[in-house]
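Descriptive analysis of the structure
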Amino acid sequence: MARADPSPGTATDTATTETDQWRLRYMVGDLEHYTEWTTEFPTVENYYDQYRRGDYAHDVVIERRAVVER
(Lines give C-alpha, C1' and ligand atoms only; values in the text may rest on other atoms or scores of the structure.)
Protein backbone atom coordinates (compact mmCIF):
# COMPACT_ATOMS: atom_id res chain seq x y z
CA MET A 1 0.00 0.00 0.00
CA ALA A 2 1.30 3.50 -0.84
CA ARG A 3 1.95 5.97 1.95
CA ALA A 4 0.87 9.60 1.65
CA ASP A 5 3.30 10.85 4.29
CA PRO A 6 7.03 10.44 3.71
CA SER A 7 8.82 8.43 6.33
CA PRO A 8 11.06 10.45 8.70
CA GLY A 9 14.18 8.80 7.32
CA THR A 10 13.68 10.22 3.81
CA ALA A 11 13.34 13.89 4.78
CA THR A 12 16.35 16.13 4.22
CA ASP A 13 17.44 18.79 6.69
CA THR A 14 19.09 21.07 4.13
CA ALA A 15 17.11 23.18 1.73
CA THR A 16 18.76 24.87 -1.23
CA THR A 17 17.70 28.07 -2.93
CA GLU A 18 18.88 29.47 -6.22
CA THR A 19 19.65 33.18 -6.63
CA ASP A 20 20.23 34.83 -10.00
CA GLN A 21 23.12 37.24 -10.34
CA TRP A 22 23.75 39.56 -13.27
CA ARG A 23 26.67 41.49 -14.73
CA LEU A 24 27.46 43.46 -17.85
CA ARG A 25 30.19 42.46 -20.31
CA TYR A 26 31.30 44.98 -22.90
CA MET A 27 34.22 45.81 -25.16
CA VAL A 28 36.11 49.10 -25.37
CA GLY A 29 38.48 48.87 -28.29
CA ASP A 30 40.16 45.46 -27.95
CA LEU A 31 39.69 45.25 -24.16
CA GLU A 32 36.90 43.27 -22.55
CA HIS A 33 35.35 44.75 -19.38
CA TYR A 34 32.96 43.39 -16.75
CA THR A 35 30.85 44.95 -14.03
CA GLU A 36 30.51 43.33 -10.58
CA TRP A 37 28.04 40.47 -10.13
CA THR A 38 24.82 41.75 -8.53
CA THR A 39 21.32 40.49 -7.75
CA GLU A 40 19.85 43.84 -8.83
CA PHE A 41 18.84 43.27 -12.44
CA PRO A 42 17.38 46.79 -12.98
CA THR A 43 20.82 48.28 -12.29
CA VAL A 44 22.51 46.04 -14.87
CA GLU A 45 19.71 46.69 -17.35
CA ASN A 46 20.19 50.44 -16.91
CA TYR A 47 23.94 50.14 -17.57
CA TYR A 48 23.15 48.00 -20.63
CA ASP A 49 20.95 50.72 -22.12
CA GLN A 50 23.53 53.43 -21.42
CA TYR A 51 26.50 51.50 -22.81
CA ARG A 52 24.61 50.21 -25.84
CA ARG A 53 23.63 53.75 -26.82
CA GLY A 54 27.07 55.22 -26.12
CA ASP A 55 29.83 55.65 -28.67
CA TYR A 56 32.76 54.05 -26.85
CA ALA A 57 31.53 50.51 -25.98
CA HIS A 58 30.50 47.70 -28.29
CA ASP A 59 29.44 44.05 -27.92
CA VAL A 60 27.43 44.90 -24.79
CA VAL A 61 25.93 41.76 -23.20
CA ILE A 62 24.07 41.01 -19.97
CA GLU A 63 25.34 37.79 -18.36
CA ARG A 64 23.44 35.70 -15.80
CA ARG A 65 24.59 33.09 -13.32
CA ALA A 66 22.64 31.05 -10.81
CA VAL A 67 24.14 30.77 -7.34
CA VAL A 68 22.96 27.86 -5.22
CA GLU A 69 22.81 28.69 -1.52
CA ARG A 70 22.47 26.11 1.21
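A quick note: this is a predicted structure, and the numbers were derived from the prediction, not measured.

**Focus: the packing of aromatic side chains**
Inspection of the entire model under this criterion finds four aromatic pairs. Within the aromatic cluster, the residues linked to one another by ring pairs are Tyr 26, Tyr 47, Tyr 51 and Tyr 56.

**Looking at the environment of Tyr 34**
When you line up the elements, Tyr 34 lands in strand 2 (residues 31-34). Put simply, Tyr 34 and Val 60 are 26 residues apart on the chain and 9.9 Å apart in space, counted from C-alpha to C-alpha. Ignoring sequence-local partners within four residues, the contact set of Tyr 34 consists of Arg 23, Leu 24, Arg 25 and Glu 63. Within the local environment of Tyr 34, its side chain forms a polar contact with the side chain of Glu 32, the two groups lying 3.0 Å apart.

Cut-offs and rules
- Residues numbered from 1 in each chain as written.
- Predicted model: local features only at pLDDT ≥ 70, side-chain atom pairs only at ≥ 80, totals over all residues.
- Heavy atoms only, no water.
- Phe/Tyr/Trp six-rings, centres within 6.5 Å; stacked < 30°, edge-to-face > 60°.
- Helix = DSSP H or I, 4+ residues; strand = E, 2+ residues; numbered from the N terminus.
- Contact = heavy atoms within 4.5 Å.
- Polar contact = N/O pair within 3.5 Å; in protein donor to acceptor, adjacent residues only side chain to side chain.

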